[in-house]
Amino acid sequence: MIFNGFKQLQNVDFKEFLATAVIGLIVSGYLIVYLLSHAPRLPFDEELEYQTINGKGSLVKKRLPNVSRGGKDNNDHDDGIILSVVVPSYNETKRISSMLADAIVVLQKEMTHKWEIIIVDDGSKDGTSEYCLNLAEKVFQLQEGQLRVVKLSKNRGKGGAVRHGLLHIRGKYGLFADADGASRFSDVNRLIGSIKRLEGPQGKPAVAIGSRAHMVNTDAVVKRSFIRNLLMYGLHALVFVFGIRSIKDTQCGFKLFNRNAIRSIFPYLHTEGWIFDVEILMLALRKNIPISEVAISWHEVDGSKMDLARDSINMAKDLVVIRMAYILRIYKDNKEC
Ligand SMILES: Nc1nc2c(ncn2[C@@H]2O[C@H](COP(=O)(O)OP(=O)(O)OP(=O)(O)O)[C@@H](O)[C@H]2O)c(=O)[nH]1
Ligand SMILES: [Mg+2]
């Protein structure tokens, strides 16, 4: 009798213990994800201005337009601009000039004056902004407003810079392209062709992304260091488990969006660090926005800004956080952040 009573008590205690432990785990899991989650910082007032060189060679500052302005019509782009190219740039004086030269040749040929380049200088310390403005005037001899420099007062990370740039374009389409010129710029034509097929005549939201998946066994990838390739495969595995299975190359720095896709994705993007590409694609998939992966030409360029050890750990952590934050509804895809 006494023994049975003791056994019952033990059972009750054990169940209580189990229930408390499970609740404790859930609450602490939620708290950890909450604490590690991100919210993009609001732009400072001066970051809502761009700098450009006018026809007399003087520097002018003007207010940036906002991509959310206007109706749902995909044709409501400003000033007839077809393509806006956003270049996230951090200390890029050594690499950006050849990227810009390649891009400008293609843009002038394919769309005469209906393009703009927006350099988002993410708090560089090497004078990237001034360097680009000088190139625009002296080397490329561009018109006022064709090359715009937005200077962020404080470093945000590549995701933050791309978000800020794309939210302030004039074009019908917005491309983000790395400053190192690793992707062949003329491949933008193939991305535009692909996005046009997806968006249809109504200009439904659509995304076309550059892909290097066809290059895995080529020199460009094989000749990278062992540790770099190991980390790359590790990240791919993690993206497969926690992120996205339908896309082969999530990380290529050459992605094109139409205006409606920018409006549906970028106001909701939380991640400012390197793994932001995955959140962009997750948002597109959650919103049933079609994505086409287009094979592009790509080559390794020296001078990467990635700190392999530190950034790989942060990318892995942020990837888990993104997935868990959507599951726990800490991140919402219908609430601007
Ligand atoms: N906004 C912003 N951009 C950055 C930052 N670090 C790098 N970038 C930009 O991100 C782009 C890609 O940088 P890379 O250093 O080439 O890195 P990656 O392409 O991922 O790595 P690689 O494959 O080695 O080239 C470039 O346009 C950089 O200027 C940063 O802290 N903030
Ligand atoms: Mg690069």
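Residues numbered from 1 in each chain as written. Chains lettered and ligands numbered in written order. Predicted model: local features only at pLDDT ≥ 70, side-chain atom pairs only at ≥ 80, totals over all residues. Heavy atoms only, no water.

- As annotated in an unreviewed UniProt entry, the chain carries the name dolichyl-phosphate beta-glucosyltransferase and comes from Zygosaccharomyces mellis.
- Within the UniProt record for the chain, the comment given under Pathway (unreviewed entry) is "Protein modification; protein glycosylation."
- The UniProt entry for the chain carries this comment under Sequence similarities (unreviewed entry): "Belongs to the glycosyltransferase 2 family." (UniProt positions renumbered as here; feature names shortened; annotations may be inferred.)

Regarding the domain arrangement of the chain
Moving on, step 1. For the chain, the domain assignment lists domain 1 (1-36) and domain 2 (45-327).
Moving on, step 2. Domain 1 and domain 2 are separated by 48 Å when their C-alpha centres are compared. (Domains from an automatic or database assignment.)

Quick notes on the environment of Gln-51
Moving on, step 1. The topology assignment puts Gln-51 in strand β1 (residues 49-53).
Moving on, step 2. Through-space distance from the C-alpha of Gln-51 to that of Leu-147 is 8.5 Å; in sequence the pair is 96 residues apart.
Moving on, step 3. Setting aside anything within four residues of it in sequence, one finds Gln-51 in contact with Leu-59, Val-60, Lys-61, Leu-133, Leu-147, Arg-148, Val-149 and Lys-151. (Helix = DSSP H or I, 4+ residues; strand = E, 2+ residues; numbered from the N terminus. Contact = heavy atoms within 4.5 Å.)

Looking at the packing of helix α7 (residues 226-242) against helix α10 (residues 308-327)
Moving on, step 1. Axis separation between α7 and α10 bottoms out at 10 Å; the angle between their running directions is 5°. The orientation of α7 relative to α10 falls into the category roughly parallel. Every residue of α10 that contacts α7 at Ile-227, Arg-228, Leu-231, Leu-235, Leu-238, Val-239 and Phe-242 is listed here: Leu-308, Ser-312, Met-315, Ala-316, Leu-319, Val-320 and Arg-323.
Moving on, step 2. Looking at side-chain class alone, the contact of α7 with α10 contains eleven nonpolar, one polar and two charged residues. (Axes fitted to C-alpha atoms, helices over the stretch in contact; angles between N-to-C directions. Parallel < 35°, antiparallel > 145°, perpendicular 65-115°, else oblique. Nonpolar A, V, L, I, M, F, W, Y, C, P; charged D, E, K, R; others polar.)

Some words on helix α2 (residues 96-111)
Moving on, step 1. Here α2 contains 16 residues, and its C-alpha end-to-end distance of 21 Å stays within 8% of the 22 Å for a straight helix at 1.5 Å per residue.
Moving on, step 2. Among all positions in α2, only Ile-96, Met-99, Leu-100, Ala-103, Ile-104, Val-106, Leu-107 and Met-111 are buried.
Moving on, step 3. Among the structural elements, β3 (83-89), β4 (115-121), α3 (128-139), β5 (147-151), β6 (173-177) and α5 (188-199) are those in contact with the buried residues of α2.
Moving on, step 4. Looking at the residues trailing α2, positive phi occurs at Thr-112, about 30°. (Expected span 1.5 Å × (residues − 1). Buried < 20%, exposed > 50% of the residue type's maximum accessible area, 1.4 Å probe, protein only.)

Section: a nonpolar patch on the surface
Moving on, step 1. Together, Phe-14, Phe-17, Leu-18, Val-22 and Ile-26 make up an exposed nonpolar region whose accessible area comes to about 530 Å².
Moving on, step 2. Structurally, Phe-17 is set in helix α1 (residues 2-36).
Moving on, step 3. Residue classification places Phe-17 among the exposed residues on the basis of a relative accessible area of 54%. (Patch = residues over 30% accessible without salt bridge, like charges linked within 9 Å, V, L, I, M, F, W, Y side chains within 5 Å. Areas by Shrake-Rupley, 256 points an atom, 1.4 Å probe, with all protein chains shown as cover. Salt bridge = Lys/Arg side-chain N within 4 Å of Asp/Glu carboxyl O.)

Description of helix α4 (residues 158-166)
Moving on, step 1. With nine of nine residues buried, α4 is to be regarded as a mostly interior element.
Moving on, step 2. All of the buried residues in α4 are Lys-158, Gly-159, Gly-160, Ala-161, Val-162, Arg-163, His-164, Gly-165 and Leu-166.

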